[in-house]
Amino acid sequence: MITYSTDGVRMPSIRKRETTAWIKAVAAEYGRRVGEVGYMFVSDEKILEVNREYLGHDYYTDIITFDYDEGDRINGDIVISLDTVRSNAALFGKEYQDELHRVIIHGILHLCGINDKGPGEREQMEAAENRALDMLAGMAG
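Because the structure is a prediction, the values reported are computed rather than measured. (Residues numbered from 1 in each chain as written. Predicted model: local features only at pLDDT ≥ 70, side-chain atom pairs only at ≥ 80, totals over all residues. Heavy atoms only, no water.)

1. Some thoughts on the nonpolar core
- Ile23, Val37, Tyr39, Phe41, Ile80, Ile104 and Ile108 are the most contacted members of the largest nonpolar core, which totals 31 residues.
- Among the secondary structure elements, those contributing two or more residues to this core are β1 (2-7), α1 (16-29), β2 (33-42), β4 (73-81), α3 (82-92), α4 (96-111) and α5 (121-140).
- If near-sequence neighbours (up to four positions away) are discounted, Ile104 is found in contact with Ile14, Thr19, Trp22, Ile23, Tyr39, Phe41 and Ile80.
- If you look at the next biggest cluster of nonpolar residues, it comprises 6 residues, including Ile47, Val50, Ile64 and Val79. (Core = buried A, V, L, I, M, F, W, Y, C linked by side-chain atoms within 4.5 Å. Buried < 20%, exposed > 50% of the residue type's maximum accessible area, 1.4 Å probe, protein only. Helix = DSSP H or I, 4+ residues; strand = E, 2+ residues; numbered from the N terminus. Contact = heavy atoms within 4.5 Å.)

The structure is reproduced here in structure tokens:
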């Protein structure tokens with residue numbers, strides 16, 4: 001089950017049923033099933049608080065993924081700062097909605113085992129994000 005909630009911000013205008021079907025399809029591409037995944041949309045201040053409290057990091061970020069996977073079933077909490085998504089969209093010349101979808105699937109890709117910190121991993125993550133976004137476009141079309 002995938003849940004979407006907010007803390008201190010308005011719920012972004014995402015089609016929950018379509019987004020959930022997309023997330024399940026992307027996970028299936030990696031041989032994974034979706035268990036309990038909770039999205040929490042927050043402000044920059046809240047994500048900074050989460051970053052400090054749980055990770056010991058003192059900086060803003062667009063997403064934090066907590067992985068509770070069990071076997072082939074992905075489970076986790078995904079915290080997304082809508083403020084940072086909005087500023088990154090402007091910074092990269094992207095539409096806000098497109099950047100939001102990229103960040104939403106970024107967390108799922110982490111839960112599927114794709115990393116982005118080591119050598120060459122960032123490029124692998126970007127390629128996986130792009131494939132997933134193409135799937136979404138195909139589902140919507």
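Additional details are given in the paragraphs that follow.
2. Here's the deal with the sheet that holds strand β3 (residues 63-67)
- Spatially, the 4 strands line up as an open sheet ordered β1-β2-β4-β3, and their pairing is mixed. Since the sheet does not close on itself, it has two edges, and those belong to β1 and β3, each with one partner. With direction set aside, neighbouring strand axes in the sheet form an average angle of 15 degrees.
- Alignment of β1 against β2, held across 6 bridges, turns out to be parallel. Bridge assignment links Tyr4 to a residue of β2, and that residue is Tyr39. (Pairing = 2+ DSSP bridges. Axes fitted to C-alpha atoms, helices over the stretch in contact; angles between N-to-C directions.)

Read these as spatial facts, not as claims about activity.
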